[in-house]
Amino acid sequence: VPVDGSHWLSMREVVDILAQRGHEVVVVAPEVSLHIKTSKNFVMKMYSVPYTQEEMEKDFKAFFQVSFEEGSFFKRFFKVFEGMKRISDCWISSCEQLLQNKELIRYLEESKF
């Protein structure tokens, strides 16, 4: 169950190597993602989330823009903090949606994921 971003980018190489060695790899990910995409090297199990691709990209773009703005330390700090809060809210929401997805949880339990 990867987290989008650098965690997934690092994990992706390991997933590909496991698949090449004959392992069945299942990746559980939200339908909305920056980097986690389907592949022939693994089975993708996706679940819905209450935000769109556009909303997520907008939040990430705003966060990175604010991170490099000029201005007083406190203004930048609070803007970055707000951006981190919005991104964290997306991740928390994603985790809640996964745990509330009874069908996917059942599949994971039955497959001894």
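Fair warning: this is a prediction, and the values are worked out from it, not measured in the lab. (Residues numbered from 1 in each chain as written. Predicted model: local features only at pLDDT ≥ 70, side-chain atom pairs only at ≥ 80, totals over all residues. Heavy atoms only, no water.)

1. Section: the packing of aromatic side chains
Line of reasoning, step 1. Throughout the structure, instances matching the rule amount to seven aromatic pairs.
Line of reasoning, step 2. Measuring from centroid to centroid gives 5.9 Å for Trp8 and Phe42, while their planes differ by 85°, and the two rings are edge-to-face. Highlighted residues: Trp8 in helix H1 (residues 6-20) and Phe42 in the loop between strand S1 (26-30) and strand S2 (43-47), separated in sequence by 34 residues. (Phe/Tyr/Trp six-rings, centres within 6.5 Å; stacked < 30°, edge-to-face > 60°. Helix = DSSP H or I, 4+ residues; strand = E, 2+ residues; numbered from the N terminus.)

2. Looking at unusual backbone geometry
Line of reasoning, step 1. In this structure, Lys112 takes a positive phi of about 55° despite not being glycine.
Line of reasoning, step 2. Secondary-structure assignment places Lys112 in the segment after helix H4 (102-110).
Line of reasoning, step 3. The class for Lys112 is exposed, based on a relative accessible area of 73%. (Buried < 20%, exposed > 50% of the residue type's maximum accessible area, 1.4 Å probe, protein only.)

3. Overview of the environment of Ser88
Line of reasoning, step 1. With respect to the helices and strands, the residue Ser88 is situated in helix H3 (residues 73-100).
Line of reasoning, step 2. Sequence separation between Ser88 and Ile36 is 52 residues, and the spatial gap between their C-alpha atoms is 17 Å.

4. Some words on helix H2 (residues 53-67)
Line of reasoning, step 1. Taking 1.5 Å per residue as the helical rise, H2 with its 15 residues ought to reach 21 Å, and the 21 Å between its terminal C-alpha atoms agrees with that figure.
Line of reasoning, step 2. All of the buried residues in H2 are Met56, Asp59, Phe60, Phe63 and Val66. Projected onto a plane normal to the axis of H2, the buried residues spread over an arc of 135° and lie on a single side. With respect to the buried face of H2, the exposed residues turned more than 90 degrees away are Glu54, Lys58, Lys61 and Gln65. (Expected span 1.5 Å × (residues − 1). Arc of directions from axis to C-beta.)

5. Regarding the packing of H2 against H3
Line of reasoning, step 1. The contact between H2 and H3 brings their axes to 9 Å, and the two run at 160°. One finds that H2 runs roughly antiparallel with respect to H3. Judged by the twist between their axes, the crossing of H2 over H3 is left-handed. Within the contact between the two elements, H2 uses Asp59, Phe60, Ala62, Phe63, Val66 and Ser67 and H3 uses Arg76, Lys79, Val80, Gly83, Met84, Arg86, Ile87, Cys90 and Trp91.
Line of reasoning, step 2. For the contact of H2 with H3, the per-class residue count stands at nine nonpolar, two polar and four charged. (Axes fitted to C-alpha atoms, helices over the stretch in contact; angles between N-to-C directions. Parallel < 35°, antiparallel > 145°, perpendicular 65-115°, else oblique. Left-handed = near helix turned anticlockwise from the far one by under 90°. Contact = heavy atoms within 4.5 Å. Nonpolar A, V, L, I, M, F, W, Y, C, P; charged D, E, K, R; others polar.)

6. Here we look at the state of the cysteines
What we call a disulfide is simply a covalent bond connecting the sulfur atoms of a pair of cysteines.
Line of reasoning, step 1. Inspection of the entire model under this criterion finds zero disulfides.
Line of reasoning, step 2. Cysteine Cys90 is unpaired, with the sulfur of Cys95 as its nearest cysteine sulfur at 11 Å.
Line of reasoning, step 3. What makes Cys90 buried here is its relative accessible area of 12%. (Disulfide = S-S within 2.5 Å.)

7. What to know about the pattern of salt bridges
Side chains bearing opposite charge may pair, as long as their charged atoms lie close to each other.
Line of reasoning, step 1. All told, the structure shown has four salt bridges when counted by the stated rule.
Line of reasoning, step 2. A salt bridge links Asp59 to Arg86; its shortest N-O distance comes to 3.6 Å. Here Arg86 lies in helix H3 and Asp59 lies in helix H2, a separation of 27 residues in the sequence.
Line of reasoning, step 3. Close ionic contact of Glu69 with Lys79 constitutes a salt bridge, the shortest N to O distance being 3.1 Å. Here the residue Glu69 occupies a position in the loop between H2 and H3, and Lys79 occupies one in helix H3, the gap between them amounting to ten residues.
Line of reasoning, step 4. Relative accessible area serves as the criterion here: at 32%, Glu69 is assigned to the partly exposed category. (Salt bridge = Lys/Arg side-chain N within 4 Å of Asp/Glu carboxyl O.)

Interpretation in functional terms is not warranted from these geometric data alone.
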